[in-house]
Each structure stands twice: as C-alpha cells, then as structure tokens.
Amino acid sequence: MKHISAVLAALLIIISFSCYSVPKSVPEDLTKEELIQLAQDAYDDGNEKASIFYYQTIIERFGEDIGTRITAMFEIAHIYTKAQKWDEARPILEEIIAYFDTPDSALTLPQAYKKLAIIDWKKLPENSAL
C-alpha cells in the first residue's frame, strides 16, 4: 500500500510540473492579441511563468509601440506583485512610472497604467505606509 501511495505521489508531482511548463518558442505569425490571450489563459491556468513568457514575447515583438510595451510590462509586474515577488516587481513598476514623467506622456501613453502601477508600487513593503 505504501508503495502505491509513493508512486501516486510521484505521478502527481510529475503531472503538476508538466502542466506548468514554459513554451520553448512561439509561432512568429501570432498577433499581439493572440499573445495576450495566451498570456491570460496561462495565468488563469495557474502558470505564471508561461504567462510572463508570453508578455515578454509581446515586448520583444511589439515593444516599439510604447503603449503595448507598458501594458505588457504592467502585466508582468502585476503577476509579481500578486505573488509578493517584490524584488522582481519593483524595477518594472518604477520603470513604468518613469515613462509617465515625460512631457508628452499624457498624449501618448495609456494613462490607466500609471494609476495601476502606482497602486501596485504602494503594495511594496517599503512603500505600504505611503
């Protein structure tokens, strides 16, 4: 009986790791919207690493559009914030907030992300009293 339990436990561990794999590549012809959907689906399935991978792919492929870059960066930072991975979230949030300190930011950047980044930035332990 103990042997069967050990085998079942090992299988569950193997299955759980295989469910949370990160893709090795992403087809080049996927649109930004398709990548966003893949990232959201991965996150909904509990696979934070794959979700971050897809958002990083969005930045690599479509990051020249600053609005797209900020959106993907925020999603990555937000995943880290929700997981309380403060050291990973902090530099991304600070970079996002810095984008909004430029003179033309109100004309060119999605303003909702400034508010959202500040909300998450205030969740960082050293900022929670602010």
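Above: the structure in question.
What you see is a predicted model, and the numbers here were worked out from it, not measured in a lab.

Asks: Help me out: how do you make sense of the packing of helix 4 (residues 66–82) against helix 5 (residues 86–99) in this one?
Replies: When two helices pack together, you describe them by how their axes are tilted relative to each other and by the distance separating the axes. At a minimum axis distance of 8 Å, the contact between helix 4 and helix 5 shows a crossing angle of 150 degrees. When the axes of helix 4 and helix 5 are compared, the pair comes out roughly antiparallel. Along this stretch, helix 4 crosses helix 5, giving a crossing that reads as left-handed. Listed contacts from helix 5 to Ile66, Arg69, Ile70, Met73, Phe74, Ile76, Ala77, Tyr80 and Thr81 of helix 4 are Trp86, Glu88, Ala89, Ile92, Leu93, Glu95, Ile96 and Tyr99. For the contact of helix 4 with helix 5, the residue count by class is 13 nonpolar, one polar and three charged.

Asks: In this structure, what is going on with the packing of aromatic side chains? I would like to understand it.
Replies: The way to describe two aromatic rings as a pair is by their centre distance and the angle between their planes. By the definition in use, this model includes two aromatic pairs. Ring centres of Phe53 and Tyr54 lie 5.8 Å apart, and the angle between their planes is 70 degrees; this geometry places the pair in the edge-to-face category. For the pair formed by Phe53 and Tyr54, the shared burial category is buried.

Asks: Would you explain the nonpolar core in this entry?
Replies: In a soluble, globular protein the nonpolar side chains are often hidden away together inside. The biggest cluster of nonpolar side chains holds 30 residues, and the ones touching the most others in it are Tyr54, Tyr55, Ile76, Ile92 and Ile96. If you list the elements that add at least two residues to this core, you get helix 2 (32–44), helix 3 (48–62), helix 4, helix 5 and helix 7 (112–123). With sequence-adjacent residues up to four places away left out, Tyr54 is seen in contact with Pro23, Val26, Leu35, Leu38, Ala39 and Ala42.

Asks: What am I meant to see in helix 5 here?
Replies: Counting along an α-helix, one turn takes 3.6 residues, and residues three or four places apart therefore face a common direction. Compared with the 20 Å implied by 1.5 Å per residue over 14 residues, the 20 Å span of helix 5 between its first and last C-alpha is a close match. Those residues of helix 5 that sit buried are Ala89, Ile92, Leu93, Ile96 and Ile97. Projected down its long axis, helix 5 carries its buried residues within an arc of 135 degrees, all on one side. On its buried face, helix 5 is in contact with helix 4 and helix 7.

Conventions and cut-offs
- Residues numbered from 1 in each chain as written.
- Predicted model: local features only at pLDDT ≥ 70, side-chain atom pairs only at ≥ 80, totals over all residues.
- Heavy atoms only, no water.
- Axes fitted to C-alpha atoms, helices over the stretch in contact; angles between N-to-C directions.
- Helix = DSSP H or I, 4+ residues; strand = E, 2+ residues; numbered from the N terminus.
- Parallel < 35°, antiparallel > 145°, perpendicular 65-115°, else oblique.
- Left-handed = near helix turned anticlockwise from the far one by under 90°.
- Contact = heavy atoms within 4.5 Å.
- Nonpolar A, V, L, I, M, F, W, Y, C, P; charged D, E, K, R; others polar.
- Phe/Tyr/Trp six-rings, centres within 6.5 Å; stacked < 30°, edge-to-face > 60°.
- Buried < 20%, exposed > 50% of the residue type's maximum accessible area, 1.4 Å probe, protein only.
- Core = buried A, V, L, I, M, F, W, Y, C linked by side-chain atoms within 4.5 Å.
- Expected span 1.5 Å × (residues − 1).
- Arc of directions from axis to C-beta.

Remember, this is a structural readout, not a statement about activity or role.
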